[in-house]
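Letter by letter, the chains look like this.
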Amino acid sequence: MFWDQESETLTRPTIEQLQLKRLQNTVERVAQRVPFYRDKFTKLGIVPADIKSLADVRLLPFTTGADLRTIYPEGMLAVDRDEPVRLHTSSGTTGKPKAIFFSRKDVENAAELVARSLVMTGITRKDVLQNMMSYGLFTGGLVMHYGAEKVGCLVIPSGPGTSERQLMLMQDLRSTAVHILPSYALYFASFLEHKGIDPRKDLSVRKAFVGAEPHTEETRRRIEQIFGCDVYNSYGLTEMNGPGTAFECEHKAGMHLWEDNFILEIINPATGEPLPEGQTGELVMTTLNREAMPILRYRTRDITSVIPGPCKCGRTHRRIARFTGRSDDMLIIRGVNIFPQQIERVLMSFQQVGRNYVIIVEGLDDLTVRVELAAAGFDGQVEHVAALQKQLVEKLKAETYVRPKVDLLPAGSLPVAEGKAKRVIDKRSL
Ligand code: AMP
Ligand code: ZN
């Protein structure tokens, strides 16, 4: 099923022609209207006419999260101040956020990409989508909402409300799909278990769109098993409109990134040099269809690779692999590089392990993994807990090359964040 079959199945040469034309337009516009880019072009000694082929994108400067904070709030607008109709900000932890402005056309276009993405998973106007992401500055609420409305779904804007209310709405309105944080999906599963609700029998949810934070294939499988539904990986970042940047199709084999709207590059994060197709590195994106605030070569910090070859669904937009982490999430422990996802993968592969965990690094690079036990299916006998702990230590050591301390805790004892989960506490940097 397609939302916009023509755009979704453009031939490669057509995509590339369109990308070049849109890139040239974008560069021309920012050179005229955005002093931030004009100055950068002058420093690099380039003019818009230098962009003669797609490969010339490499002549352009990178834009970083720090740049967006420096020009905060309006320094990168390419339209008059009264043109934008919407503001979103990226979930920064400290200091000024990154402010992204949308014109009316940008709002419309973002909804269009979400509509493509949802329909690609089989969503139709008959679906009832419960959007359990926060409504507000975060794009996960409104941008997803507008896209699903466009498809014609009934959208329940439940936001990050209490689990009781989520459940009530889910049952009363027979929600068939949810948009949810993976960490919250696991927490919500425990809540349902506690209430004696079997999601497979007692709920109508058949599809879950899961994103906004890193998660592993093991976590996807767990959510699928618990809810008896299909889980699709959804990637979005405010700088690129939010949800609908890249999304899995029915085949769940990597996320199609909408290349008529974004140029994608994978670079070596240390050198900034492009990597050959298929290699893993940092995703860099350039907007091609943004009116209010075009962004050139945005350093996402997200680590992925392009999946070579065509997808069975017939869409020609290339796919990116599940993220292995963010380059700024990487922990260096006793000289070894570790991504939190490596730890999650091990934890979620154990049946006896529950659904919430936190990684603590402190002192002289001591790694502690605090994880909840499963509420059901584990007897909790002392010798069994000790054996599990030992197995976890060995498996984690084999995966990360660092021997961690593992604390096993009763189900439900770790705190749950309202927004994105905070999985790592690095006390060394406090
Ligand atoms: P925000 O702009 O606040 O929505 O945050 C965007 C960031 O969330 C991205 O740069 C990623 O680091 C992360 N993110 C979003 N979706 C996913 C996903 N499906 N898998 C992993 N990380 C994600
Ligand atoms: Zn596909």
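See the structure shown above.
Conventions adopted
- Per chain, the residues get numbers from 1 upward, laid out in the order the sequence is written.
- Lettering for chains starts from A, numbering for ligands starts from 1, and both go in the order in which the items are written.
- Two thresholds apply to this predicted model, a pLDDT of at least 70 for residue-level local features and 80 or more for giving and counting side-chain atom pairs, whereas whole-chain, interface and lining totals are computed over all residues.
- Note that the side-chain values use all heavy atoms of the structure and ignore hydrogens as well as water.
- Secondary structure elements are defined from DSSP: runs of H or I of at least 4 residues count as helices, runs of E of at least 2 residues count as strands, and each element is numbered from the N terminus.
- Residues enter a nonpolar core if they are buried and are Ala, Val, Leu, Ile, Met, Phe, Trp, Tyr or Cys, with the set joined through side-chain atoms within 4.5 Å.
- Three labels apply to residues, based on accessible area from a 1.4 Å probe with only protein chains included: buried if under 20% of the type maximum, exposed if over 50%, partly exposed otherwise in between.
- In this description, contact between two residues means that some pair of their heavy atoms is separated by no more than 4.5 Å.
- Strands are labelled as partners when DSSP assigns at least two bridges between them.
- To get an axis, a line is fitted to the C-alpha atoms, and for a helix only the part in contact is used. The angle between two axes follows their N-to-C directions and goes from 0 to 180 degrees.
- In these notes the angle categories are as follows: under 35 degrees is roughly parallel, over 145 is roughly antiparallel, 65 to 115 is roughly perpendicular, and the rest is oblique.
- Helix crossings are classified by the rotation of the near helix relative to the far one: an anticlockwise turn of less than a right angle makes the crossing left-handed, while a clockwise turn makes it right-handed.
- Gly counts as polar in this scheme, as do all residues outside two lists: the nonpolar Ala, Val, Leu, Ile, Met, Phe, Trp, Tyr, Cys and Pro, and the charged Asp, Glu, Lys and Arg.
- Any N, O or S atom lying within 2.8 Å of the metal counts as a donor, and for Na, K and Ca the limit rises to 3.2 Å; water is left out, so some sites can look incomplete.
- Irregular is the label for any site that misses the other tests, which are tetrahedral for four donors with all angles between 85 and 135 degrees, and square planar for four donors or octahedral for six when opposite donors exceed 155 degrees and the remaining angles lie between 65 and 115.
- The nearness test applies per residue and asks whether one of its heavy atoms lies within 4 Å of the molecule or strand.
- Any pair of N or O atoms that falls within 3.5 Å is considered a polar contact. Within protein, one atom must be able to donate a hydrogen and the other to accept it, and sequence-neighbouring residues count only if both atoms are side-chain atoms.
- Every accessible area reported is derived by Shrake-Rupley at a probe size of 1.4 Å, with residue values counting cover from the shown protein chains alone.

Undergrad: I'd like a rundown of unusual backbone geometry, residues and numbers included.
TA: The omega angle of the peptide bond from Tyr 72 to Pro 73 is -5 degrees, so this bond is cis rather than trans. When you line up the elements, Pro 73 lands in the loop between α4 (65–70) and β1 (86–89). For Asn 241, which is not a glycine, the phi torsion comes out positive at approximately 90 degrees. Tracing the sequence through the fold places Asn 241 in the loop between β7 (230–237) and β8 (242–248).

Undergrad: So what about the nonpolar core? Which residues, and what values?
TA: Tyr 37, Phe 41, Leu 60, Leu 118, Tyr 235, Leu 283 and Ile 320 are the most contacted members of the largest nonpolar core, which has 67 residues in total. Of the residues forming this core, the biggest block, seven residues, is contributed by helix α5 (residues 104–119). Once you skip the residues sitting within four places of it in the chain, Leu 118 turns out to touch Ile 123, Met 144, Gly 147, Ala 148, Val 151, Phe 209 and Phe 247. Among the nonpolar cores identified, the runner-up in size contains 51 residues, and Ile 197, Phe 227, Val 371 and Leu 396 belong to it.

Undergrad: Describe the sheet that holds strand β9 (residues 255–257), listing the residues and the values that go with them.
TA: Across a sheet, paired strands are connected by hydrogen bonds in the backbone, their directions being either parallel or antiparallel. One open sheet holds the nine strands; their spatial order is β4-β3-β5-β6-β7-β8-β9-β14-β13, and the pairing between them is mixed. Of all strands in the sheet, those with a lone pairing partner are β4 (154–156) and β13 (306–307), marking the two edges. Note: β7 against β8, three bridges, orientation antiparallel. Across the sheet, Ser 234 pairs through a bridge with Phe 247, a residue of β8. Sheet strands touched by helix α10 (residues 217–227): β6 (207–211), β7 and β8. Its angle to β7, the strand with the most contacts, is close to 135 degrees.

Undergrad: With reference to specific residues and values, describe the packing of α5 against helix α6 (residues 139–151).
TA: It is at 7 Å that the axes of α5 and α6 come closest, and there the two elements cross at 65 degrees. As far as their axial angle goes, α6 and α5 are roughly perpendicular. Crossing angle aside, the handedness with which α5 passes α6 is right-handed. Contacts between α5 and α6 involve Val 107, Glu 108, Ala 110, Ala 111, Glu 112, Val 114, Ala 115, Leu 118 and Val 119 on the former and, on the latter, Val 143, Met 144, Tyr 146, Gly 147, Ala 148, Lys 150 and Val 151. Of the residues contributing to the contact of α5 with α6, the split by class is 12 nonpolar, one polar and three charged.

Undergrad: Run through the coordination of the zinc ion (ligand 2), naming residues and quoting values.
TA: Within the protein, Cys 249 (SG), His 256 (NE2), Cys 311 (SG) and Cys 313 (SG) serve as the donor atoms for the zinc ion (ligand 2), at 2.1 to 2.3 Å. The site at the zinc ion (ligand 2) holds four donor atoms, and with the angles between them running 101 to 117 degrees, its shape is tetrahedral.

Undergrad: Can you explain the site of ligand 1? Please cite residues and give values.
TA: Taken together, 18 residues form the shell around ligand 1, and within it Ser 91, Asn 233, Ser 234, Thr 238 and Asp 302 come nearest. In this structure, an oxygen atom belonging to ligand 1 sits 3.2 Å away from a side-chain N or O atom of Ser 90. The contact in question runs from an oxygen atom of ligand 1 to an N or O atom on the side chain of Lys 420, over 3.0 Å. Alone, ligand 1 offers 500 Å² of accessible surface; in the complex the protein occludes 94% of this. Per-element accounting of the shell around ligand 1 gives the leading share, five residues, to β7. Residue composition of the shell around ligand 1, grouped by class: six nonpolar, seven polar and five charged.

Undergrad: Could you give an account of the environment of Val 85, naming the residues involved and the relevant values?
TA: Locating Val 85 in the fold gives a position in the loop between α4 and β1. Given the relative accessible area of 42%, Val 85 is considered partly exposed. For Val 85 and Ala 292, which are 207 residues apart along the polypeptide, the C-alpha to C-alpha distance reads 9.4 Å. Residues contacting Val 85, with those up to four places away along its chain left out, are Phe 102, Ser 103, Arg 104 and Val 107.

Undergrad: Go over the sheet that holds strand β10 (residues 262–267) with me, naming the residues and quoting the values.
TA: With antiparallel pairing, four strands are arranged side by side in an open sheet as β10-β11-β12-β15. The sheet is open, and its two borders are formed by β10 and β15 (325–326), each paired with just one other strand. As paired elements, β10 and strand β11 (residues 281–287) share six bridges and run antiparallel to each other. For Phe 262, the partnering residue across the bridge sits in β11 and is Thr 287.

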